[in-house]
Amino acid sequence: MRTAISKTIHDGDCLYLSGFTHLIPFAAGHEIIRQGFEDLTLARATPDLVYDRMIAAGCVKKVLFSWAGNPGVGSLHAFRRAVEDGVPNEIRTEEYTHSATAARLRAGAHGLPFLPVRTFEGSTLPEHNDTIRKIDNPYGDDRIYVVPPLEPDVSVVRAQRADREGNAHLWGITGEIPDAAYAADRVVLAVEELVDESVIASDPNRTRIPGHLVDYVVEEPYGAHPSYAQGYYNRDNEAYQAWENASATHERLLEWLDEWVYAVDDHTEYLEKLGVGRLQSLEPEATYTAPANVGAYTGGTTHD
Amino acid sequence: MTEYTKSELMVASAAREIHDDDAVFVGIGVPTLACGLAKQLHAPNLTMIYESGTIDTTFDELPLSIGDPELAGGSRSIVSLYDVFCKYLQAGRIDVGFLGGAQIDRYGNINSTVIGDYDDPTVRLPGSGGACEIASNANRTVIITPHEPRRLPESVDFATSPGHVTTDDEPTRSGSPEAIITDKAIMRFDESGDANVESIHPGVRPDEVQQATGWELSLDGVDETAEPKEKELDIIRNRLDPNRRYTG
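Rules and cut-offs
Residues numbered from 1 in each chain as written. Chains lettered and ligands numbered in written order. Predicted model: local features only at pLDDT ≥ 70, side-chain atom pairs only at ≥ 80, totals over all residues. Heavy atoms only, no water. Core = buried A, V, L, I, M, F, W, Y, C linked by side-chain atoms within 4.5 Å. Buried < 20%, exposed > 50% of the residue type's maximum accessible area, 1.4 Å probe, protein only. Domains from an automatic or database assignment. Contact = heavy atoms within 4.5 Å. Buried area = accessible area lost by both parts, 1.4 Å probe. Patch = residues over 30% accessible without salt bridge, like charges linked within 9 Å, V, L, I, M, F, W, Y side chains within 5 Å. Areas by Shrake-Rupley, 256 points an atom, 1.4 Å probe, with all protein chains shown as cover. Salt bridge = Lys/Arg side-chain N within 4 Å of Asp/Glu carboxyl O. Lys, Arg positive; Asp, Glu negative; His and termini not counted. Charge placed at Lys NZ, Arg CZ, Asp CG, Glu CD. Helix = DSSP H or I, 4+ residues; strand = E, 2+ residues; numbered from the N terminus. Phe/Tyr/Trp six-rings, centres within 6.5 Å; stacked < 30°, edge-to-face > 60°. Lys NZ or Arg CZ within 6 Å of the ring centre and 35° of its normal.

The biggest cluster of nonpolar side chains holds 110 residues, and the ones touching the most others in it are L189 of chain A together with F98 of chain B. Residue assignment places this core across two domains, with domain 1 (2–96 + 151–280) and domain 2 (98–147) of chain A each supplying three or more. By size, the runner-up hydrophobic cluster in this structure holds 49 residues, among which are L17, I32, L76 and A190 of chain A.

Have a look at this one:
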(Lines give C-alpha, C1' and ligand atoms only; values in the text may rest on other atoms or scores of the structure.)
Protein backbone atom coordinates (compact mmCIF):
# COMPACT_ATOMS: atom_id res chain seq x y z
CA MET A 1 0.00 0.00 0.00
CA ARG A 2 2.89 2.33 0.74
CA THR A 3 4.12 2.11 -2.87
CA ALA A 4 0.63 2.21 -4.37
CA ILE A 5 -0.19 5.41 -2.47
CA SER A 6 3.13 7.14 -3.15
CA LYS A 7 3.05 6.30 -6.88
CA THR A 8 -0.55 7.28 -7.59
CA ILE A 9 -1.37 10.22 -5.31
CA HIS A 10 0.00 13.76 -5.51
CA ASP A 11 -0.63 16.83 -3.34
CA GLY A 12 -3.78 18.62 -4.52
CA ASP A 13 -5.39 15.50 -6.03
CA CYS A 14 -9.08 14.66 -5.80
CA LEU A 15 -9.48 11.28 -4.09
CA TYR A 16 -12.47 9.00 -3.70
CA LEU A 17 -12.03 6.34 -1.02
CA SER A 18 -15.10 4.27 -1.80
CA GLY A 19 -17.38 1.92 0.10
CA PHE A 20 -20.83 2.68 1.48
CA THR A 21 -20.48 1.59 5.13
CA HIS A 22 -18.94 -1.65 3.81
CA LEU A 23 -15.28 -2.05 2.73
CA ILE A 24 -14.11 1.48 3.55
CA PRO A 25 -10.34 1.77 2.82
CA PHE A 26 -9.22 2.84 6.31
CA ALA A 27 -5.70 1.42 5.96
CA ALA A 28 -5.20 3.45 2.77
CA GLY A 29 -6.41 6.57 4.57
CA HIS A 30 -3.93 5.99 7.39
CA GLU A 31 -1.12 5.51 4.87
CA ILE A 32 -2.07 8.78 3.11
CA ILE A 33 -1.84 10.53 6.51
CA ARG A 34 1.58 8.95 7.21
CA GLN A 35 2.90 10.11 3.85
CA GLY A 36 1.85 13.67 4.71
CA PHE A 37 -0.13 14.63 1.61
CA GLU A 38 -1.60 18.14 1.52
CA ASP A 39 -4.35 20.11 -0.19
CA LEU A 40 -6.35 17.03 -1.05
CA THR A 41 -9.95 17.20 -2.20
CA LEU A 42 -11.72 14.27 -0.58
CA ALA A 43 -14.95 13.04 -2.12
CA ARG A 44 -17.23 10.47 -0.48
CA ALA A 45 -20.99 10.21 0.03
CA THR A 46 -20.26 9.64 3.73
CA PRO A 47 -16.88 11.04 4.84
CA ASP A 48 -17.01 8.62 7.78
CA LEU A 49 -14.21 8.25 10.33
CA VAL A 50 -11.56 7.83 7.63
CA TYR A 51 -11.97 11.40 6.29
CA ASP A 52 -12.41 12.75 9.84
CA ARG A 53 -8.88 11.48 10.54
CA MET A 54 -7.45 12.87 7.30
CA ILE A 55 -9.05 16.28 7.99
CA ALA A 56 -7.60 16.36 11.53
CA ALA A 57 -4.18 15.43 10.15
CA GLY A 58 -4.24 18.53 7.94
CA CYS A 59 -4.25 16.69 4.59
CA VAL A 60 -7.44 18.26 3.27
CA LYS A 61 -8.49 21.51 1.60
CA LYS A 62 -11.95 20.49 0.39
CA VAL A 63 -14.59 17.83 1.07
CA LEU A 64 -17.30 16.76 -1.38
CA PHE A 65 -19.99 14.85 0.50
CA SER A 66 -23.66 14.21 1.15
CA TRP A 67 -23.87 12.91 4.75
CA ALA A 68 -21.14 13.79 7.24
CA GLY A 69 -21.89 11.89 10.43
CA ASN A 70 -20.73 8.92 12.48
CA PRO A 71 -23.34 6.30 11.48
CA GLY A 72 -25.50 5.27 14.44
CA VAL A 73 -23.35 7.34 16.82
CA GLY A 74 -23.38 11.09 16.08
CA SER A 75 -21.08 13.73 14.70
CA LEU A 76 -17.82 13.74 12.79
CA HIS A 77 -16.04 16.07 15.17
CA ALA A 78 -12.95 16.86 13.10
CA PHE A 79 -15.12 17.64 10.07
CA ARG A 80 -17.26 19.93 12.24
CA ARG A 81 -14.22 21.66 13.79
CA ALA A 82 -12.82 22.36 10.33
CA VAL A 83 -16.15 23.71 9.00
CA GLU A 84 -17.24 25.57 12.15
CA ASP A 85 -13.88 26.82 13.52
CA GLY A 86 -11.22 26.30 10.81
CA VAL A 87 -9.31 23.72 12.92
CA PRO A 88 -6.67 22.59 11.97
CA ASN A 89 -7.35 24.52 8.74
CA GLU A 90 -10.30 25.96 6.86
CA ILE A 91 -11.84 23.48 4.47
CA ARG A 92 -14.20 24.14 1.63
CA THR A 93 -17.24 21.94 1.21
CA GLU A 94 -19.22 20.91 -1.85
CA GLU A 95 -22.45 19.43 -0.65
CA TYR A 96 -24.91 17.10 -2.37
CA THR A 97 -27.48 14.48 -1.52
CA HIS A 98 -26.71 10.76 -1.73
CA SER A 99 -28.49 10.32 -5.05
CA ALA A 100 -26.64 13.32 -6.48
CA THR A 101 -23.22 12.08 -5.28
CA ALA A 102 -24.03 8.67 -6.74
CA ALA A 103 -25.20 10.29 -9.99
CA ARG A 104 -21.99 12.34 -10.22
CA LEU A 105 -19.88 9.20 -9.97
CA ARG A 106 -22.14 7.34 -12.41
CA ALA A 107 -21.81 10.21 -14.93
CA GLY A 108 -18.03 10.04 -14.46
CA ALA A 109 -18.05 6.28 -14.92
CA HIS A 110 -20.19 6.57 -18.07
CA GLY A 111 -18.31 9.47 -19.63
CA LEU A 112 -21.42 11.67 -19.65
CA PRO A 113 -21.50 15.48 -19.32
CA PHE A 114 -24.25 15.32 -16.70
CA LEU A 115 -27.03 13.16 -15.29
CA PRO A 116 -30.52 14.28 -14.27
CA VAL A 117 -31.71 13.68 -10.71
CA ARG A 118 -35.22 13.79 -9.25
CA THR A 119 -34.36 15.66 -6.08
CA PHE A 120 -33.52 19.20 -4.85
CA GLU A 121 -36.90 20.76 -5.79
CA GLY A 122 -37.86 22.93 -2.82
CA SER A 123 -34.53 22.32 -1.07
CA THR A 124 -32.09 25.11 -0.14
CA LEU A 125 -29.11 22.99 -1.24
CA PRO A 126 -28.90 24.22 -4.89
CA GLU A 127 -28.54 27.82 -3.64
CA HIS A 128 -25.22 26.86 -2.06
CA ASN A 129 -23.79 24.67 -4.81
CA ASP A 130 -23.66 26.10 -8.33
CA THR A 131 -22.78 22.75 -9.89
CA ILE A 132 -26.40 21.71 -9.17
CA ARG A 133 -28.23 23.18 -12.16
CA LYS A 134 -31.64 22.99 -13.70
CA ILE A 135 -32.27 22.43 -17.38
CA ASP A 136 -35.25 22.19 -19.73
CA ASN A 137 -36.35 18.65 -20.39
CA PRO A 138 -35.71 18.42 -24.17
CA TYR A 139 -38.58 15.91 -24.46
CA GLY A 140 -41.21 17.67 -22.36
CA ASP A 141 -42.36 20.94 -20.86
CA ASP A 142 -40.79 20.52 -17.43
CA ARG A 143 -37.36 21.23 -16.02
CA ILE A 144 -35.06 18.91 -14.10
CA TYR A 145 -31.97 19.24 -11.95
CA VAL A 146 -28.68 17.88 -13.28
CA VAL A 147 -25.25 17.25 -11.79
CA PRO A 148 -21.89 17.04 -13.57
CA PRO A 149 -19.56 14.01 -13.67
CA LEU A 150 -17.17 13.34 -10.81
CA GLU A 151 -13.85 12.06 -12.13
CA PRO A 152 -11.45 11.57 -9.20
CA ASP A 153 -7.73 11.62 -9.88
CA VAL A 154 -7.46 8.51 -7.74
CA SER A 155 -10.06 6.10 -6.40
CA VAL A 156 -9.11 3.64 -3.70
CA VAL A 157 -11.49 0.69 -3.80
CA ARG A 158 -11.67 -2.48 -1.76
CA ALA A 159 -13.11 -5.91 -2.51
CA GLN A 160 -13.03 -9.31 -0.86
CA ARG A 161 -10.72 -11.03 -3.35
CA ALA A 162 -8.91 -10.46 -6.63
CA ASP A 163 -6.37 -12.08 -8.90
CA ARG A 164 -2.98 -10.47 -9.57
CA GLU A 165 -4.41 -8.53 -12.52
CA GLY A 166 -6.92 -6.81 -10.23
CA ASN A 167 -10.06 -8.60 -11.38
CA ALA A 168 -12.01 -8.31 -8.16
CA HIS A 169 -14.89 -10.30 -6.72
CA LEU A 170 -17.09 -8.05 -4.63
CA TRP A 171 -20.20 -9.03 -2.70
CA GLY A 172 -22.45 -7.68 0.04
CA ILE A 173 -23.26 -3.98 -0.14
CA THR A 174 -21.54 -2.74 -3.30
CA GLY A 175 -22.49 0.91 -2.79
CA GLU A 176 -20.61 3.12 -5.22
CA ILE A 177 -17.45 0.98 -5.36
CA PRO A 178 -17.58 -0.11 -9.04
CA ASP A 179 -18.61 3.40 -10.17
CA ALA A 180 -15.70 4.92 -8.23
CA ALA A 181 -13.32 2.58 -10.06
CA TYR A 182 -14.80 3.36 -13.50
CA ALA A 183 -14.89 7.12 -12.87
CA ALA A 184 -11.29 7.60 -11.70
CA ASP A 185 -8.12 8.33 -13.63
CA ARG A 186 -6.04 5.99 -11.44
CA VAL A 187 -7.27 3.09 -9.30
CA VAL A 188 -5.74 1.43 -6.25
CA LEU A 189 -7.44 -1.84 -5.37
CA ALA A 190 -6.97 -3.44 -1.95
CA VAL A 191 -8.37 -6.89 -1.17
CA GLU A 192 -8.74 -9.20 1.77
CA GLU A 193 -7.01 -11.94 -0.20
CA LEU A 194 -5.25 -12.46 -3.50
CA VAL A 195 -6.51 -15.61 -5.21
CA ASP A 196 -5.61 -17.61 -8.28
CA GLU A 197 -7.13 -16.35 -11.52
CA SER A 198 -9.13 -19.58 -11.82
CA VAL A 199 -11.13 -18.57 -8.73
CA ILE A 200 -12.10 -15.28 -10.36
CA ALA A 201 -12.75 -16.88 -13.76
CA SER A 202 -15.07 -19.43 -12.14
CA ASP A 203 -17.63 -16.67 -11.47
CA PRO A 204 -17.20 -13.62 -13.72
CA ASN A 205 -20.63 -12.26 -12.70
CA ARG A 206 -19.12 -11.59 -9.28
CA THR A 207 -16.27 -9.55 -10.80
CA ARG A 208 -17.51 -6.02 -10.17
CA ILE A 209 -14.14 -4.36 -10.76
CA PRO A 210 -12.36 -5.63 -13.88
CA GLY A 211 -8.57 -5.65 -13.75
CA HIS A 212 -8.13 -3.37 -16.76
CA LEU A 213 -9.27 -0.46 -14.56
CA VAL A 214 -6.75 -1.17 -11.82
CA ASP A 215 -3.26 0.34 -11.51
CA TYR A 216 -2.17 -1.25 -8.22
CA VAL A 217 -3.43 -4.39 -6.47
CA VAL A 218 -2.65 -4.69 -2.77
CA GLU A 219 -3.34 -7.71 -0.57
CA GLU A 220 -4.24 -6.11 2.75
CA PRO A 221 -6.33 -8.24 5.11
CA TYR A 222 -8.52 -6.30 7.57
CA GLY A 223 -7.67 -3.06 5.73
CA ALA A 224 -11.28 -1.89 6.06
CA HIS A 225 -11.28 -2.07 9.87
CA PRO A 226 -13.24 -0.62 11.71
CA SER A 227 -15.71 -0.91 8.82
CA TYR A 228 -16.24 -4.44 7.59
CA ALA A 229 -15.78 -6.99 4.83
CA GLN A 230 -18.85 -9.18 4.30
CA GLY A 231 -17.97 -12.76 5.22
CA TYR A 232 -14.50 -11.83 6.52
CA TYR A 233 -15.03 -9.60 9.55
CA ASN A 234 -17.90 -7.63 11.06
CA ARG A 235 -18.18 -3.91 11.57
CA ASP A 236 -16.32 -2.94 14.76
CA ASN A 237 -19.19 -0.98 16.28
CA GLU A 238 -17.20 -0.41 19.48
CA ALA A 239 -14.53 1.44 17.50
CA TYR A 240 -17.18 3.66 15.88
CA GLN A 241 -18.65 4.38 19.32
CA ALA A 242 -15.19 5.03 20.82
CA TRP A 243 -14.47 7.61 18.09
CA GLU A 244 -17.03 9.91 19.71
CA ASN A 245 -14.71 10.28 22.69
CA ALA A 246 -11.36 9.95 20.88
CA SER A 247 -12.27 12.76 18.49
CA ALA A 248 -14.05 15.03 20.98
CA THR A 249 -11.19 17.57 20.97
CA HIS A 250 -8.52 18.25 18.36
CA GLU A 251 -5.78 17.53 20.91
CA ARG A 252 -7.24 14.16 21.84
CA LEU A 253 -7.65 13.27 18.20
CA LEU A 254 -3.99 14.12 17.50
CA GLU A 255 -3.03 11.79 20.36
CA TRP A 256 -5.12 9.08 18.72
CA LEU A 257 -3.36 9.68 15.39
CA ASP A 258 0.03 9.57 17.14
CA GLU A 259 -0.80 6.24 18.69
CA TRP A 260 -2.64 4.48 15.86
CA VAL A 261 -1.27 6.04 12.67
CA TYR A 262 2.10 7.80 13.11
CA ALA A 263 3.59 5.39 15.67
CA VAL A 264 2.80 2.33 13.60
CA ASP A 265 4.90 1.65 10.54
CA ASP A 266 2.19 0.10 8.42
CA HIS A 267 -1.14 -1.71 8.48
CA THR A 268 0.46 -4.93 9.76
CA GLU A 269 1.68 -3.10 12.85
CA TYR A 270 -1.77 -1.55 13.27
CA LEU A 271 -3.26 -5.05 13.31
CA GLU A 272 -0.65 -6.29 15.80
CA LYS A 273 -1.52 -3.37 18.03
CA LEU A 274 -5.23 -4.11 17.67
CA GLY A 275 -4.57 -7.69 18.77
CA VAL A 276 -5.67 -11.12 17.63
CA GLY A 277 -8.46 -11.29 20.21
CA ARG A 278 -10.15 -8.18 18.86
CA LEU A 279 -9.99 -9.45 15.29
CA GLN A 280 -11.31 -12.87 16.32
CA SER A 281 -14.24 -11.22 18.07
CA LEU A 282 -15.25 -9.69 14.73
CA GLU A 283 -15.19 -12.95 12.80
CA PRO A 284 -18.61 -13.98 11.45
CA GLU A 285 -19.78 -17.55 11.18
CA ALA A 286 -19.19 -18.76 7.62
CA THR A 287 -22.10 -19.34 5.24
CA TYR A 288 -21.65 -20.07 1.51
CA THR A 289 -23.78 -19.28 -1.51
CA ALA A 290 -25.28 -22.19 -3.41
CA PRO A 291 -23.11 -23.04 -6.42
CA ALA A 292 -24.49 -22.02 -9.83
CA ASN A 293 -24.01 -24.24 -12.89
CA VAL A 294 -22.25 -22.05 -15.45
CA GLY A 295 -21.58 -24.89 -17.90
CA ALA A 296 -18.20 -26.18 -19.06
CA TYR A 297 -17.07 -24.47 -22.26
CA THR A 298 -13.74 -24.72 -24.03
CA GLY A 299 -11.43 -21.90 -23.12
CA GLY A 300 -13.83 -20.83 -20.42
CA THR A 301 -13.19 -21.27 -16.79
CA THR A 302 -9.83 -23.00 -16.60
CA HIS A 303 -6.39 -21.71 -17.44
CA ASP A 304 -3.20 -23.75 -17.65
CA MET B 1 -53.03 -0.93 31.21
CA THR B 2 -49.40 -1.90 31.02
CA GLU B 3 -46.85 0.87 31.44
CA TYR B 4 -45.06 1.88 28.24
CA THR B 5 -42.39 4.37 27.23
CA LYS B 6 -42.80 7.32 24.88
CA SER B 7 -40.59 5.55 22.35
CA GLU B 8 -42.80 2.48 22.42
CA LEU B 9 -45.85 4.64 21.75
CA MET B 10 -44.00 6.31 18.85
CA VAL B 11 -43.01 2.94 17.37
CA ALA B 12 -46.59 1.65 17.62
CA SER B 13 -47.95 4.87 16.08
CA ALA B 14 -45.40 4.77 13.25
CA ALA B 15 -46.26 1.14 12.54
CA ARG B 16 -49.90 2.18 11.99
CA GLU B 17 -48.76 4.46 9.16
CA ILE B 18 -47.62 1.40 7.21
CA HIS B 19 -50.07 -0.58 5.08
CA ASP B 20 -49.75 -4.14 3.91
CA ASP B 21 -47.88 -4.43 0.58
CA ASP B 22 -46.08 -1.11 1.17
CA ALA B 23 -42.46 -0.74 0.09
CA VAL B 24 -40.74 1.25 2.83
CA PHE B 25 -37.43 3.11 2.65
CA VAL B 26 -36.29 2.39 6.18
CA GLY B 27 -33.99 4.27 8.53
CA ILE B 28 -32.30 3.14 11.73
CA GLY B 29 -34.08 3.34 15.09
CA VAL B 30 -37.84 3.99 15.34
CA PRO B 31 -38.46 3.38 11.59
CA THR B 32 -36.77 -0.02 11.66
CA LEU B 33 -38.74 -1.01 14.77
CA ALA B 34 -42.00 0.31 13.29
CA CYS B 35 -41.46 -1.76 10.14
CA GLY B 36 -40.58 -4.83 12.19
CA LEU B 37 -43.76 -4.37 14.21
CA ALA B 38 -46.02 -3.72 11.20
CA LYS B 39 -44.61 -6.77 9.41
CA GLN B 40 -45.50 -9.04 12.32
CA LEU B 41 -49.01 -7.61 12.68
CA HIS B 42 -50.98 -5.99 9.87
CA ALA B 43 -48.38 -5.73 7.07
CA PRO B 44 -46.85 -9.18 6.47
CA ASN B 45 -46.18 -8.30 2.82
CA LEU B 46 -44.23 -5.15 3.67
CA THR B 47 -40.97 -4.77 1.74
CA MET B 48 -38.12 -3.11 3.64
CA ILE B 49 -35.51 -1.26 1.59
CA TYR B 50 -32.43 0.35 3.12
CA GLU B 51 -30.51 3.15 1.41
CA SER B 52 -27.39 0.98 1.38
CA GLY B 53 -29.15 -0.95 -1.39
CA THR B 54 -30.53 -3.97 0.46
CA ILE B 55 -33.91 -4.93 -1.00
CA ASP B 56 -36.58 -6.92 0.88
CA THR B 57 -34.48 -6.92 4.03
CA THR B 58 -35.00 -9.03 7.13
CA PHE B 59 -32.83 -9.15 10.24
CA ASP B 60 -32.46 -10.89 13.57
CA GLU B 61 -30.24 -8.32 15.29
CA LEU B 62 -31.19 -4.65 15.21
CA PRO B 63 -28.77 -2.85 12.89
CA LEU B 64 -26.63 0.03 14.23
CA SER B 65 -26.14 1.51 10.76
CA ILE B 66 -28.08 1.32 7.49
CA GLY B 67 -25.19 -0.60 5.95
CA ASP B 68 -24.63 -3.39 8.47
CA PRO B 69 -23.64 -6.88 7.29
CA GLU B 70 -26.79 -8.31 8.91
CA LEU B 71 -28.90 -6.29 6.47
CA ALA B 72 -26.95 -7.53 3.45
CA GLY B 73 -27.09 -11.10 4.72
CA GLY B 74 -30.84 -10.89 5.30
CA SER B 75 -31.84 -9.34 1.97
CA ARG B 76 -33.21 -10.83 -1.24
CA SER B 77 -31.33 -8.48 -3.55
CA ILE B 78 -28.56 -5.93 -3.23
CA VAL B 79 -28.28 -3.02 -5.65
CA SER B 80 -25.79 -0.18 -6.02
CA LEU B 81 -26.13 3.19 -4.31
CA TYR B 82 -27.13 4.81 -7.62
CA ASP B 83 -29.72 2.12 -8.31
CA VAL B 84 -31.41 2.19 -4.91
CA PHE B 85 -32.07 5.89 -5.39
CA CYS B 86 -32.91 5.74 -9.10
CA LYS B 87 -34.72 2.44 -9.54
CA TYR B 88 -36.56 2.60 -6.23
CA LEU B 89 -37.06 6.20 -5.08
CA GLN B 90 -36.91 8.16 -8.35
CA ALA B 91 -38.89 5.54 -10.24
CA GLY B 92 -41.72 5.83 -7.70
CA ARG B 93 -41.43 2.36 -6.18
CA ILE B 94 -41.36 3.58 -2.57
CA ASP B 95 -44.64 4.03 -0.72
CA VAL B 96 -43.36 5.23 2.65
CA GLY B 97 -40.19 6.99 3.75
CA PHE B 98 -39.24 7.93 7.30
CA LEU B 99 -37.33 11.11 8.11
CA GLY B 100 -36.12 13.06 11.10
CA GLY B 101 -34.12 16.24 11.47
CA ALA B 102 -32.90 19.01 13.73
CA GLN B 103 -35.72 21.36 12.70
CA ILE B 104 -39.13 20.71 11.14
CA ASP B 105 -41.60 23.47 10.24
CA ARG B 106 -45.39 23.46 9.86
CA TYR B 107 -45.15 22.61 6.15
CA GLY B 108 -42.83 19.66 6.77
CA ASN B 109 -39.65 21.30 5.53
CA ILE B 110 -36.82 19.52 7.33
CA ASN B 111 -33.41 20.92 8.26
CA SER B 112 -30.59 18.43 8.72
CA THR B 113 -27.85 20.68 7.30
CA VAL B 114 -26.94 23.67 9.50
CA ILE B 115 -28.12 25.71 12.47
CA GLY B 116 -27.36 29.34 11.68
CA ASP B 117 -25.85 30.65 8.47
CA TYR B 118 -24.79 28.06 5.87
CA ASP B 119 -21.40 29.67 5.24
CA ASP B 120 -20.67 30.33 8.92
CA PRO B 121 -22.75 27.78 10.81
CA THR B 122 -23.34 27.69 14.54
CA VAL B 123 -23.78 23.93 14.26
CA ARG B 124 -22.83 21.90 11.22
CA LEU B 125 -25.26 18.95 11.00
CA PRO B 126 -24.60 15.81 8.90
CA GLY B 127 -26.54 16.97 5.83
CA SER B 128 -29.10 15.37 3.56
CA GLY B 129 -27.76 11.93 2.88
CA GLY B 130 -30.75 10.46 1.10
CA ALA B 131 -33.31 12.57 2.99
CA CYS B 132 -34.00 15.13 0.24
CA GLU B 133 -34.80 12.41 -2.31
CA ILE B 134 -36.92 10.48 0.20
CA ALA B 135 -38.96 13.64 0.83
CA SER B 136 -39.10 14.28 -2.92
CA ASN B 137 -39.99 10.82 -4.15
CA ALA B 138 -41.60 8.64 -1.47
CA ASN B 139 -45.36 8.59 -1.83
CA ARG B 140 -45.86 9.28 1.90
CA THR B 141 -43.20 10.64 4.24
CA VAL B 142 -43.54 10.16 7.97
CA ILE B 143 -41.45 12.46 10.16
CA ILE B 144 -40.28 11.22 13.56
CA THR B 145 -39.00 13.75 16.10
CA PRO B 146 -38.85 14.66 19.79
CA HIS B 147 -41.38 17.43 20.44
CA GLU B 148 -39.32 20.44 21.55
CA PRO B 149 -39.52 24.16 20.66
CA ARG B 150 -36.10 24.09 18.97
CA ARG B 151 -37.13 21.05 16.90
CA LEU B 152 -40.42 22.54 15.68
CA PRO B 153 -39.68 26.22 14.97
CA GLU B 154 -41.91 28.50 12.93
CA SER B 155 -39.42 28.31 10.08
CA VAL B 156 -36.33 26.21 9.45
CA ASP B 157 -32.83 27.72 9.08
CA PHE B 158 -32.26 25.59 5.97
CA ALA B 159 -34.65 23.38 3.99
CA THR B 160 -32.59 20.25 3.43
CA SER B 161 -35.65 18.19 2.50
CA PRO B 162 -38.69 19.87 1.00
CA GLY B 163 -42.08 19.80 2.66
CA HIS B 164 -45.29 21.01 1.09
CA VAL B 165 -43.90 23.67 -1.21
CA THR B 166 -45.32 25.11 -4.35
CA THR B 167 -43.04 26.38 -7.05
CA ASP B 168 -43.73 27.24 -10.66
CA ASP B 169 -42.04 24.19 -12.12
CA GLU B 170 -42.04 21.20 -9.89
CA PRO B 171 -43.56 18.46 -12.05
CA THR B 172 -40.68 16.19 -11.09
CA ARG B 173 -41.81 16.13 -7.46
CA SER B 174 -44.23 13.52 -6.29
CA GLY B 175 -43.53 13.21 -2.60
CA SER B 176 -45.10 14.96 0.31
CA PRO B 177 -45.03 14.67 4.08
CA GLU B 178 -47.92 12.73 5.56
CA ALA B 179 -47.54 13.02 9.32
CA ILE B 180 -45.25 14.09 12.16
CA ILE B 181 -45.02 11.65 15.05
CA THR B 182 -43.50 13.17 18.20
CA ASP B 183 -43.23 12.11 21.83
CA LYS B 184 -46.23 14.36 22.62
CA ALA B 185 -48.58 14.18 19.66
CA ILE B 186 -49.32 13.09 16.13
CA MET B 187 -49.72 15.83 13.53
CA ARG B 188 -51.09 15.29 10.05
CA PHE B 189 -50.77 17.57 7.02
CA ASP B 190 -53.99 18.93 5.57
CA GLU B 191 -54.71 19.66 1.92
CA SER B 192 -53.07 23.07 2.13
CA GLY B 193 -49.90 21.43 3.41
CA ASP B 194 -50.21 22.58 6.99
CA ALA B 195 -49.46 20.30 9.97
CA ASN B 196 -52.41 20.01 12.39
CA VAL B 197 -52.51 18.08 15.62
CA GLU B 198 -54.52 14.92 15.06
CA SER B 199 -54.06 13.41 18.50
CA ILE B 200 -52.25 14.12 21.76
CA HIS B 201 -50.55 11.28 23.61
CA PRO B 202 -52.12 10.08 26.88
CA GLY B 203 -50.94 12.12 29.87
CA VAL B 204 -49.82 15.10 27.78
CA ARG B 205 -51.71 18.41 28.22
CA PRO B 206 -52.67 20.49 25.15
CA ASP B 207 -50.78 23.53 26.49
CA GLU B 208 -47.60 21.43 26.72
CA VAL B 209 -47.96 20.60 23.03
CA GLN B 210 -48.53 24.26 22.14
CA GLN B 211 -45.57 25.42 24.26
CA ALA B 212 -43.27 22.98 22.49
CA THR B 213 -44.41 24.03 19.01
CA GLY B 214 -43.23 27.13 17.14
CA TRP B 215 -46.53 27.88 15.43
CA GLU B 216 -50.09 28.32 16.62
CA LEU B 217 -52.03 25.08 16.85
CA SER B 218 -55.73 24.42 16.86
CA LEU B 219 -56.13 22.02 19.76
CA ASP B 220 -59.88 22.02 20.38
CA GLY B 221 -61.43 18.60 20.32
CA VAL B 222 -58.33 16.67 19.24
CA ASP B 223 -58.28 12.96 20.01
CA GLU B 224 -56.07 11.05 22.40
CA THR B 225 -53.47 8.89 20.66
CA ALA B 226 -54.21 5.19 20.89
CA GLU B 227 -52.00 3.48 23.45
CA PRO B 228 -49.79 0.62 22.32
CA LYS B 229 -51.55 -2.72 22.68
CA GLU B 230 -50.18 -5.58 24.80
CA LYS B 231 -49.42 -7.54 21.67
CA GLU B 232 -47.46 -4.62 20.18
CA LEU B 233 -45.47 -4.12 23.38
CA ASP B 234 -44.75 -7.83 23.54
CA ILE B 235 -43.30 -7.81 20.01
CA ILE B 236 -41.29 -4.62 20.63
CA ARG B 237 -39.85 -5.83 23.94
CA ASN B 238 -39.31 -9.50 23.35
CA ARG B 239 -38.56 -9.73 19.66
CA LEU B 240 -37.50 -6.38 18.18
CA ASP B 241 -35.60 -4.47 20.85
CA PRO B 242 -34.89 -6.85 23.75
CA ASN B 243 -31.87 -4.78 24.82
CA ARG B 244 -34.03 -1.63 24.91
CA ARG B 245 -31.59 0.26 22.71
CA TYR B 246 -34.26 2.50 21.18
CA THR B 247 -37.33 1.95 23.35
CA GLY B 248 -36.00 2.05 26.94
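Having seen it, we continue.
Before going further, it helps to examine the domain arrangement of chain A. All names here are of chain A. By the assigned domains, chain A splits into domain 1 (2–96 + 151–280) and domain 2 (98–147). Computed over C-alpha atoms, the centres of domain 1 and domain 2 are 27 Å apart. Taken together, the 18 residues of domain 1 in the interface contact 13 residues of domain 2. In total, domain 1 and domain 2 occlude about 1300 Å² of area from one another, counting both sides; carbon and sulfur atoms represent 63% of this. A per-residue breakdown of the area domain 1 buries against domain 2 is headed by E95, Y96 and D179, which together make up 47% of the total.

Together, E90 of chain A together with D117, D119 and D120 of chain B make up a region of like negative charge exposed at the surface. Mapped onto the secondary structure, D119 of chain B falls in the loop between β8 (114–116) and β9 (121–124). You can call D119 of chain B exposed: its relative accessible area is 64%.

All names here are of chain A. Under the counting rule described, the total for this entry stands at 10 aromatic pairs over all chains. Measuring from ring centre to ring centre gives 5.1 Å for W243 and W256, while their planes differ by 85 degrees; the resulting arrangement is edge-to-face. Placement of W243 in helix α8 (residues 237–246) and of W256 in helix α9 (residues 250–262) is noted, with a sequence separation of 13 residues between them. With a relative accessible area of 14%, W256 lands in the buried category. Among the aromatic residues, those joined into a cluster by ring pairs are W243, W256, W260 and Y270. The aromatic ring of Y240 is capped on one face by R235, whose charged end is 3.9 Å from the ring centroid.

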